[in-house]
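Structural overview for review
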Amino acid sequence: MPLFSTITSSIPFALVNNIGFAAILFLVYQFFKILQEKEIIRIEASHLYNLAIFFQGFSLLQFLILLFYPQWGASVVIESFIFLNTRINFLFQLASIEWFSIIGTLYLVVLFFLLVKVLFQFYHLSSLVRTSNFAESDSYTSFLNKLPHSSGNRKIKLGTSAAITSPISFGWVEPIILLPIALVNQLTVKELESIILHEWAHILRNDYVLNIFTTLIQVVLFFNPFSYLLNKEISLQREIACDNFVIYTSGNSNTYLNAIYKIATISVKPTPVFKSLPWALGILNLPNELLYRVKSMTNTKRFNSLNATKMMLVTLMACVMIWLPFKKPTLHNNITLNQIGRAHV
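The structure displayed is predicted, hence computed values, not measured ones.

Section: the overall build of the protein chain
- Counting its regular elements, the protein chain contains 14 helices and four strands.
- For the protein chain, buried positions account for 49% of its 345 residues.
- When contacts within the protein chain are restricted to residue pairs at least 6 apart in sequence, those whose partners lie at least 24 apart make up 79%.
- With the model as given, the accessible surface of the protein chain reaches about 17700 Å², and the carbon-plus-sulfur share is 66%.

What about the pairing of strand 3 (residues 176–180)?
- Most of strand 3 is tucked away: five of the five residues are buried.
- Burial of the side chains of strand 3 extends over both faces: I176, L178 and P180 are buried on one face and I177 and L179 on the other.
- Pairing geometry for strand 1 (residues 157–161) and strand 3, over five bridges, is parallel. The residue bridging K157 from the neighbouring strand is I176, located in strand 3.
- In the sheet, strand 2 (residues 168–170) pairs with strand 3 via three bridges, with the strands oriented antiparallel.

Structural notes on the pattern of salt bridges
- All chains considered together, the criterion is met by seven salt bridges.
- Close ionic contact of E44 with R42 constitutes a salt bridge, the shortest N to O distance being 2.9 Å.
- The salt bridge partner of D243 is R293, with a shortest N-O separation of 2.9 Å. Of this pair, D243 sits in helix 9 (residues 225–250) while R293 sits in helix 12 (residues 290–297), and the two are 50 residues apart along the sequence.

A closer look at the side chain of Q237
- The residue Q237 is located in helix 9 in this model.
- The class for Q237 is buried, based on a relative accessible area of 0%.
- Discounting chain neighbours no more than four positions away, the residues touching Q237 are Y29, K33, Q36, A45, L48 and Y49.

Some words on the nonpolar core
- Counting residues in hydrophobic clusters, the biggest one holds 35 residues, and the most contacted among them are L15, Y29, F55, F63, Y107, F223 and F226.
- Among the secondary structure elements, those contributing two or more residues to this core are helix 1 (2–37), helix 2 (45–68), helix 4 (97–130), helix 8 (207–220), helix 9 and helix 13 (305–319).
- Top contributing element to this core by residue count: helix 1, with 12 residues.
- Y140, L197, A259 and I263 belong to the second-largest nonpolar core, a separate cluster that totals 29 residues.

A short note on a nonpolar patch on the surface
- Together, V28, F31 and F32 give the surface a local cluster of nonpolar side chains, amounting to about 250 Å² of exposed area.
- By the element assignment, F31 lies in helix 1.

As for the environment of A45
- Positionally, A45 belongs in helix 2.
- Residue classification places A45 among the buried residues on the basis of a relative accessible area of 4%.
- For A45 and I234, which are 189 residues apart along the polypeptide, the C-alpha to C-alpha distance reads 9.5 Å.
- Among all residues touching A45, those that are not within four sequence positions of it are Q36, Q237, I240, A241 and N244.

Focus on the packing of helix 10 (residues 253–266) against helix 12
- Close contact between helix 10 and helix 12 brings their axes to 12 Å; oriented N to C, the two are set at 175°. When the interaxial angle is binned, helix 10 and helix 12 end up roughly antiparallel. Here helix 10 contributes Y256, L257, I260 and A264 to the contact with helix 12, which in turn contributes L290, R293, V294 and M297.
- In terms of residue class, the contact of helix 10 with helix 12 is built from seven nonpolar, no polar and one charged.

A word on the packing of helix 2 against helix 9
- Close contact between helix 2 and helix 9 brings their axes to 8 Å; oriented N to C, the two are set at 155°. The angle between helix 2 and helix 9 places the two elements in the roughly antiparallel class. For helix 2 against helix 9, the interelement crossing comes out left-handed. Across from A45, S46, L48, Y49, A52, I53, F55 and Q56 in helix 2, the residues of helix 9 making contact are S227, L230, N231, I234, Q237, R238, I240, A241 and N244.

Quick notes on the environment of S227
- Tracing the sequence through the fold places S227 in helix 9.
- Here S227 is in contact with Q56, I217, Q218 and L221, once residues within four sequence places are set aside.

Here's the deal with the packing of aromatic side chains
- This model, assessed by the stated rule, comprises 13 aromatic pairs.
- Seen from their ring centres, F31 and F32 are 5.7 Å apart, and the 75° between their planes marks the pair as edge-to-face.
- Relative to F55, the ring of F54 lies with its centre 5.9 Å away and its plane at 45°, an arrangement referred to as tilted.
- A network of ring pairs unites the aromatic residues F21, F54, F55 and F58 as a single cluster.
- The ring centre of Y49 lies 4.8 Å from the NZ or CZ of R205, which sits over that ring.

What counts, and at which threshold
- Residues numbered from 1 in each chain as written.
- Predicted model: local features only at pLDDT ≥ 70, side-chain atom pairs only at ≥ 80, totals over all residues.
- Heavy atoms only, no water.
- Helix = DSSP H or I, 4+ residues; strand = E, 2+ residues; numbered from the N terminus.
- Buried < 20%, exposed > 50% of the residue type's maximum accessible area, 1.4 Å probe, protein only.
- Contact = heavy atoms within 4.5 Å.
- Areas by Shrake-Rupley, 256 points an atom, 1.4 Å probe, with all protein chains shown as cover.
- Pairing = 2+ DSSP bridges.
- Salt bridge = Lys/Arg side-chain N within 4 Å of Asp/Glu carboxyl O.
- Core = buried A, V, L, I, M, F, W, Y, C linked by side-chain atoms within 4.5 Å.
- Patch = residues over 30% accessible without salt bridge, like charges linked within 9 Å, V, L, I, M, F, W, Y side chains within 5 Å.
- Axes fitted to C-alpha atoms, helices over the stretch in contact; angles between N-to-C directions.
- Parallel < 35°, antiparallel > 145°, perpendicular 65-115°, else oblique.
- Nonpolar A, V, L, I, M, F, W, Y, C, P; charged D, E, K, R; others polar.
- Left-handed = near helix turned anticlockwise from the far one by under 90°.
- Phe/Tyr/Trp six-rings, centres within 6.5 Å; stacked < 30°, edge-to-face > 60°.
- Lys NZ or Arg CZ within 6 Å of the ring centre and 35° of its normal.

The analysis is restricted to geometry; functional conclusions fall outside its scope.
Encoded structure:
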């Protein structure tokens, strides 16, 4: 199978090159985020969200191109070395083609098991729907009809479940919002409405479909730490955008902040079922980002110079991986890098 052999031998180069490429994209994202945090330029959370999604998709596209057209990435590397007049030809002799094939096959095996895991997660999500109670759905969502926004012709189902500790939403054709039973008993009517508004914002923004897209990208790019960082930023900016929607629509940030606090107190230890639902949109997807969201809602300073500096330095060091070659590539005119190096001596 020459095609399979070609792809597996190209995977190691694509893996390392993609990390460097994603690092460059994440560096650009961090630049715009710093401009927002320091209030140099007014950038909405939804704009950063869209930028992070675009970068995730761009990173996946670059990885796929290197898999099927490795000579494209090799040519970029060679041209970069010529421009910089660099002499590191020994990097082309790191490993034999057999090791490349082994690494490539290992990547495909891990990817297969991750995709199987995805199927089980969707199955758990459907099981959660079957065991939830939707008897009072209309009474919970009736207040939404009085708002100027519209969810189109899609009817929203709202239910309660004992298997989750934080509100979640999912579904596109038939959007579903699930609330923990323990939470419903602790919130006031207004607080409950503010939480439903947050999940409704996800539905209006079609966040569920985009979440599937970005999560699948992270599955394919599971080896890339910057893919995880971009997904973390996507989650953060998505939640901030929905927080802003709630405050703008309700006009009362205190009620919503009280509701968020109560959710945080009962969601300290998420249940195993909730941990296995990355495809659902939870109001506390990442509990450690809650402080940042509260600062955003209360217009408190969010920029941390120390953390930003460390992140930028690590990202800059990772950017050089895009220029690391793993074998002696050949240009279209069959001139190798060694020959090019001798010509420049």
